[in-house]
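Read off the chains here:
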Amino acid sequence: MNNFFKSLLALSISGALASTANSAVYEVIDKGAAETHKYTYGQKFNNAGQMGISGTELYNFPVQYGYFEDADYDSIVNLAAVYHDQTIGINDIEDETALRAGEPVPNDLYWVVNYLQRNAGSLFYQQVGTSIVMTNLDDANGTEEVTIFDSTFLPTENPDVTVDTSLLTNSTTEFINGITDSGWIYGNASAPYLNYYYEPVDLDPDDESPVADPYDYFIRDFTTRAFFSPDNGATVYPVLPPTEETDNPARHYGGESAIIGMSGDNTFAVGYASVALDEDKVTFIENTGDDDETEEVEPTGCNDPEVLAVQPLELCIAQQLDNMYYIDASKWTIDENFNATRESLGILVTPDEEDLRTYVSIAQAVNNQGVTVGYSHGWVDEEETDPAATEARNFYAVMFKDGVVKSFTPDHSTHFDSRAYDINDEGIAVGHTTTYINGTPRTKAYYVDTNVENPEFVIPDSYFNGASSTARAININGKFVGEGEVETHNDNSNNPRRREAYLFEINELDTEDDDKLYNLNDLINTCEVIDGKKVSTQKYTIVEARDINDANEIAATALIETERRDATGAIMYDENEDALTEDVIRAVLLVPKDGGEIEECFEDDELVERQGASFGLFGFFALFGLSFTRRLFQK
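Structural notes, computed from the coordinates. (Residues numbered from 1 in each chain as written. Predicted model: local features only at pLDDT ≥ 70, side-chain atom pairs only at ≥ 80, totals over all residues. Heavy atoms only, no water.)

**Here we look at the packing of helix α2 (residues 70-83) against helix α4 (residues 106-118)**
What counts is decided by this rule: For helices, the fitted line uses only the C-alpha atoms of the stretch in contact; every axis is such a line through C-alpha atoms, and the angle between N-to-C directions lies from 0 to 180 degrees. Helix and strand labels come from DSSP, where a helix needs a run of H or I of at least four residues and a strand needs a run of E of at least two; each type is numbered from the N terminus. Angles below 35 degrees are treated as roughly parallel, those above 145 as roughly antiparallel, those between 65 and 115 as roughly perpendicular, and all remaining angles as oblique. Any two residues whose heavy atoms approach within 4.5 Å are treated as being in contact. Three classes are used: nonpolar for Ala, Val, Leu, Ile, Met, Phe, Trp, Tyr, Cys and Pro, charged for Asp, Glu, Lys and Arg, and polar for all others, with Gly counted as polar.
The contact between α2 and α4 brings their axes to 10 Å, and the two run at 100°. Put simply, α2 runs roughly perpendicular to α4. Listed contacts from α4 to Asp72, Ser75, Ile76, Leu79, Ala80 and Tyr83 of α2 are Trp111, Val112, Asn114, Tyr115 and Arg118. When grouped by side-chain class, the residues that make up the contact of α2 with α4 number seven nonpolar, two polar and two charged.

Shown next, in the form of structure tokens:
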């Protein structure tokens, strides 16, 4: 077996567990406290402990009230009336007069932002961004926000609207997917939705029919674009996809790209890029309405003068961008001048010529040797060599190496919709696969040695047999982290099983020692005797682990109870002037403690619940986990 199994650091968890000292194995360091955002999530980090963090739910969102009409305020009032009883800590509209004047009280600001969020995707409303990039590079500077592609609002030609052009739009969706050992940050982010004003054109002055009213709209230049920055956002280098590098600028429609993983030495970056366009959509965009075959079709195309009379070309194009691109797993080599040269990593299968479906491959991690892992479309029948035009397919975890795309999955019919999330420098990769357990599809974490001729993944134990689990990252010591279900009830979308993060140790295959699975909450636990009972005093509950570095430090996300804040970020108080509390999601760093051990707080089988964080937010966190993706198919 590879020598990484023998490469244990002085602060290894095994050594800590063998100690007799009376303290937790890991110390929790809060990295995610932010004055600007309610929730923070731990992402990838480096061997120096510098962490990438995602932030969501901005306080004091910069609403541009000039774009609201009376009908919008009516809708906001109705929204609050219907849903305030279902929203903890939020009341019905408290000051409608102030609301309609564009100066809502904090409670009513919540409903304004909620109304905009419910109109997400409508190009006639101001858009609310999903997430921002944050970093925590050292204790002195704390957690800092990094702006990638966002910009300020544009001046408007609408005489009835006043726009504050000093404010960032906060309409971008920005992901920090990691930070290298040299401190380079990388990821992908959208362009901002900028404000525009359009006055329809009267093509026939003799026609007495009224011309449509002028209107405001919001569009962005691209949906997502890869970036890297060697200086924590001071200089951001975008990485254009091939569809934006063609010789015909008229066919540049934004494209898509993302850097999901980078080697520790900054040499390689991997992810995906759009390599071709859906020609049916391009035909519609370019159609001028002059073709006899399209004369009776309404609408004929974006460049038809009759279409351009009622909407600008850019708005018409923006409405065609969904599912417009063919996506290819990509690997970039970055030189000393920060130029990124792309190569295609390929796809697992070769479709039939008559198969017109879009095929996707995604690269998610690369080690310093350039070995890349990710996932790709593949055949359900892995032995298929002459596929039909409608051949059954699914996503399968793959390795991209030496120009070959190879699947880890031994049986594509029983294991499917799999992902490979990380690979260490010894060639050990981790991820999850989906399989049926007692008739229900469950994800199961795996690890795999990519060095062997025919790699097949190993599925280790989860918290229990029917528990879903996933593995997110592995370090050089053969320790990997992820999260898994800890509840056994029959779950559904309204009642998901609660998840908690874990640490898994792979042992050498030539020893009799078993692999070891630890719930991270057991490794951070500390106890205090209260009224004769040993009660846990740990205020964090670790629900997700995203990364583990070679010092066995872990980047994670935790639930913690803290002061409740309103939509402006101000602390809320009850009638006794006591601060209200709530559970929030917070990015944390777990650091091994020399001489720590697991401490049990429960005696005589008496259940004493942990103090601090409860799980009232878990429904939100589960939903956020499903939506917090770089692409829809990248869950």
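**Some words on α2**
The condition that has to hold: In a helix, the anticipated span is given by 1.5 Å times the number of residues less one. Burial classification: accessible surface area is computed with a 1.4 Å probe over protein chains only, and a residue below 20% of its type maximum counts as buried, one above 50% as exposed, and the rest as partly exposed. Taken from the helix axis, the directions to the C-beta atoms give the arc we talk about.
The terminal C-alpha atoms of α2, which comprises 14 residues, lie 20 Å apart, in line with the 20 Å expected from a rise of 1.5 Å per residue. Taken together, the buried positions of α2 are Asp72, Tyr73, Ile76, Val77, Leu79 and Ala80. Buried residues of α2, viewed axially, fall in a sector of 155°; they line one side. Set apart from the buried face of α2 by more than 90 degrees, the exposed residues are Asp70 and Val82.

**A short note on the sheet that holds strand β30 (residues 554-563)**
Rules: Here the rule is simple: two strands pair whenever DSSP picks up at least two bridges between them.
With antiparallel pairing, the four strands of this open sheet are ordered in space as β1-β31-β30-β29. Two strands close off the open sheet at either side, each with one partner strand: β1 (26-30) and β29 (540-548). Neighbour to neighbour, the strand axes of the sheet diverge by 35° on average, direction disregarded. Bridging between β29 and β30 involves seven bridges; their strand directions are antiparallel. Note on β30: the bridge partner recorded for Thr541 is Leu559.

**Describing the packing of aromatic side chains**
What characterises a pair of aromatic rings is the spacing of the ring centres plus the angle enclosed by the ring planes. Going by this rule: Ring pairs shown here join Phe, Tyr and Trp side chains whose ring centres sit within 6.5 Å, with only the six-membered ring taken for Trp; geometry is labelled stacked below 30 degrees between planes, edge-to-face above 60, and tilted in between.
Evaluation of the coordinates by the stated rule reveals 25 aromatic pairs. Consider the rings of Tyr196 and Tyr217, whose centres lie 5.6 Å apart with planes at 20°: the pair is stacked. Here Tyr217 lies in strand β9 (residues 215-219) and Tyr196 lies in strand β8 (residues 194-198), a separation of 21 residues in the sequence. Three or more aromatic residues joined by ring pairs make a cluster, and in this case those are Tyr65, Phe68, Tyr73, Tyr115 and Tyr125.

**Some thoughts on the state of the cysteines**
So the rule is basically this: Whenever a pair of cysteine sulfur atoms sits within 2.5 Å, that pair is classed as a disulfide.
The full count for this structure, using the stated rule, is one disulfide. Between the sulfur atoms of Cys302 and its disulfide partner Cys316 the distance amounts to 2.0 Å. Negative torsions about the S-S bond denote left-handed disulfides, and the value of about -80° found for Cys302 with Cys316 makes this one left-handed. Separated by 14 residues along the polypeptide, Cys302 in the loop between α5 (279-286) and α6 (305-308) and Cys316 in helix α7 (residues 313-318) bring together distant segments of the chain. No difference in accessibility class separates Cys302 from Cys316, as the two residues are buried.

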